[in-house]
Amino acid sequence: MRTIKQILLSLLYFVVFFATISAMVIIPYYNNESMGYQDASYRKSLAGKIDYIILGASQGQAGFIPKTLDEELGCYSYNLSIVLMPMHARKMELEQELSRNDVKTVVVEVSYDFLQLEAGHDAAVADERVLTRIDNWSGRFEYLTKHIRFDDWLNVYAHSFVTGIINMKTMYYNRGLNNEMNDSKGHLYRYKADITLTAEEAAAIHETKPYERNFYKDNYEVLKEILDICNEHGITTYIVCVPVSDAYVWEYSNLDDFLQWGQELAAEKNCLFLDFNLLKTRYEDFTDKESFSDKDHMSEEGAIVFTQRYIEVVKKIEAGEDVSGMFYSSYIDMIADSPYAK
C-alpha cells in the first residue's frame, strides 16, 4: 500500500513539475507577440481603420503587399493570411474584423490544394498559430475545444512548447523588442531562390500530378459560408489565385478543372474569380530564377510585381472595363507558352 502511495505521489509531483515548466514556456509565448504571425493586439489597435482584407494562407501572405495596396487603391488593407491557415480560422478572423471595421473589399486567396487540408498533423501547426492570434484565454479555449480534435491536442501542445522555447531565445537576444512584422501589416517577406528546372527535371515531372476536386467537405462548406458573409455585408469580393512557379504548374495536369471550379463558384456567389497564374504577361513578369522562394510561394521580388499587376487588374474592373483579355482562357493555352515547353 505504501509503495502505491509513493508511486502516485511521485506521479503527482511529476505532473505538477511538467505543467509548471510547460506554463513557464507557453504562456509568455502566447502573450508577448514576438513571432511574426502574432498580431492580435496590433490588429485590435487598428479597429475602425481596416477596409480591405486579404484572407488566405501562405501564398496570400507572401504575395500581397498591403502598403502598396494602400498607396495605389486608396484603402487601408491588412493581410490576415498565415501558413496553412484552416478554413474555420479564416472565417473566425474575418468575422472578428467585420465586427470592428467597415470592410469594403475582401480578397479570398485560393490555391490548387487549399481545400484538401484536413484537421490534424500539418493543420495542427496552423491551429497552434491561430491560438496565439486570439487575444484572450477564454477565446483560445473555445477555439481549442470547438475546432481542434481532442486527439490532436498533443500535437498543438508540442508545437506550442517547441515554439515557446524559440520565443524565449528570441526575447533574450532581442531584449523584448516588439514584433517588427506589424510594420508589414501581415505580409511575409521571403527571399528569392533559383528553382529553375533543368531539361531533364522538366521532362521527368511533366503532368505527373493530376488536379482533382477531392475537397475535404467541411473546408468547402466553410469557404461558401465566408463568401455568403461577404455578400451579406455588401462587400466586394475577389477569389484570387496567386501566381506559383512555372515548375509547379508544369508538374500539374488537368488544371482547367480548377479554373472551371473557380469560375462556377464565383458565379454562384456573385463575385469574381481571378487566377493570376493565367496572366498573359506571366512569362515576362515572373521567372523561376528570382520570383519565387520555393515552387509555390513568391519571393519579395515576385510579390512586388504581382501586387502591381493585381492593382492594375482591379483598377480596370472598378472602372467597368473587361479584363478577360489580360488572361489566358485556359491552362492548356498558357502552358503551351511555358519556357519548359520550348
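What counts, and where the lines are drawn
- Residues numbered from 1 in each chain as written.
- Predicted model: local features only at pLDDT ≥ 70, side-chain atom pairs only at ≥ 80, totals over all residues.
- Heavy atoms only, no water.
- Helix = DSSP H or I, 4+ residues; strand = E, 2+ residues; numbered from the N terminus.
- Rg over C-alpha atoms; globule rule 2.2 N^0.38 Å.
- Buried < 20%, exposed > 50% of the residue type's maximum accessible area, 1.4 Å probe, protein only.
- Contact = heavy atoms within 4.5 Å.
- Areas by Shrake-Rupley, 256 points an atom, 1.4 Å probe, with all protein chains shown as cover.
- 1 Å grid on protein atoms, 1.4 Å probe; cavity = no way out; pocket = protein on both sides within 12 Å on 5 of 7 lines; lining within 4 Å.
- Points joined across faces, edges and corners; volume = space filled by probe spheres on them.
- Pairing = 2+ DSSP bridges.
- Salt bridge = Lys/Arg side-chain N within 4 Å of Asp/Glu carboxyl O.
- Disulfide = S-S within 2.5 Å.
- Axes fitted to C-alpha atoms, helices over the stretch in contact; angles between N-to-C directions.
- Parallel < 35°, antiparallel > 145°, perpendicular 65-115°, else oblique.
- Left-handed = near helix turned anticlockwise from the far one by under 90°.
- Nonpolar A, V, L, I, M, F, W, Y, C, P; charged D, E, K, R; others polar.

1. Side note on the overall build of the protein
At step 1: Tallying secondary structure elements over the protein gives 15 helices and 9 strands in all.
At step 2: Rg of the C-alpha trace for the protein: 22 Å, near the compact-globule value of 20 Å for 342 residues, within the 12% margin.
At step 3: Principal-axis analysis of the C-alpha atoms gives the protein an extent of 80 × 50 × 40 Å.
At step 4: Within the protein, buried positions represent 50% of all 342 residues.
At step 5: Of all intrachain contacts in the protein linking residues separated by at least 6 positions in sequence, the fraction that spans at least 24 positions is 85%.
At step 6: Of the roughly 16700 Å² of accessible surface on the protein, a fraction of 56% belongs to carbon and sulfur atoms.

2. Some remarks on empty space enclosed by the protein
At step 1: Per the counting criterion, the structure on display carries 2 cavities of 30 Å³ or more.
At step 2: In this model, the second largest cavity occupies a volume close to 30 Å³.
At step 3: For the lining of the second largest cavity, the secondary-structure elements that each account for two or more residues are α11 (246–251), α13 (282–285) and α15 (331–336).
At step 4: Among the elements that take part in the lining of the second largest cavity, α11 stands out by supplying 3 residues, more than any other.

3. Points about the environment of E33
At step 1: In this fold, E33 is placed in the loop between α1 (2–32) and α2 (40–45).
At step 2: The exposure class assigned to E33 is buried, which follows from its relative accessible area of 12%.
At step 3: The spacing of E33 and N167 is 134 residues in sequence and 9.1 Å in space, taken between C-alpha atoms.

4. Some remarks on the pairing of strand β3 (residues 105–110)
At step 1: Among the 6 residues in β3, 6 count as buried, and that is most of the element.
At step 2: One ladder, built from 4 bridges, connects strand β1 (residues 52–55) with β3; its direction is parallel. Looking across to β3, one finds that Y52 is bridged to T105.
At step 3: Sheet topology note: the β3/strand β5 (residues 236–241) ladder contains 6 bridges and is parallel. Note that in β5 the partner of V110 across the bridge is C241.

5. Description of the pattern of salt bridges
It is possible for side chains of opposite charge to pair when their charged atoms get near one another.
At step 1: Counted by the stated rule, this structure contains 23 salt bridges.
At step 2: Among the salt bridges present, the one from R133 reaches E93, with a minimum N-O distance of 3.1 Å. With R133 in helix α6 (residues 122–133) and E93 in helix α5 (residues 87–100), this residue pair connects regions lying 40 residues apart in the sequence.
At step 3: With relative accessibility at 2%, the residue E93 sits in the buried group.
At step 4: A salt bridge links E97 to R100; the shortest N-O distance between them is 2.8 Å. Here E97 pairs with R100, and both are found in helix α5, just 3 residues apart, close to one helical turn.

6. Structural notes on the state of the cysteines
At step 1: Scanning the entire structure with this criterion turns up 0 disulfides.
At step 2: Free cysteine C75: the closest other cysteine sulfur is in C230, separated by 15 Å.

7. Quick notes on the packing of α5 against helix α10 (residues 217–232)
At step 1: Here α5 crosses α10 at 15°, and the two axes come no closer than 9 Å. If you check the angle between α5 and α10, you find them roughly parallel. Seen along the crossing, α5 lies across α10 with a hand that is left-handed. The segment α5 lies against α10, with M87, H88, R90, K91, L94, E95 and L98 engaging N219, V222, L223, E225, I226, I229 and C230.
At step 2: Taken together, the residues of the contact of α5 with α10 break down into 8 nonpolar, 2 polar and 4 charged.

8. A closer look at the pairing of β5
At step 1: Of all 6 residues making up β5, 5 are buried, and the element is well covered by its neighbours.
At step 2: Here 4 bridges tie β5 to strand β7 (residues 272–275), and the two strands are oriented parallel to one another. Counted as the bridge partner of C241 is D275 from β7.

9. Description of the sheet that holds β7
At step 1: Overall, parallel pairing links the 5 strands, which are arranged β2-β1-β3-β5-β7 in an open sheet. Edge positions in the open sheet fall to β2 (77–79) and β7, since each of these has one partner strand only. The sheet shows a mean angle of 20° between the axes of neighbouring strands, direction not considered.
At step 2: Seen against the sheet, α10 touches β1, β3 and β5 and runs at an angle of roughly 165° to β3.
At step 3: The sheet strands contacting helix α12 (residues 256–268) are β3, β5 and β7, and the helix crosses β7 at an angle near 155°.

Honestly, that's just the spatial picture; any functional story needs more than this.
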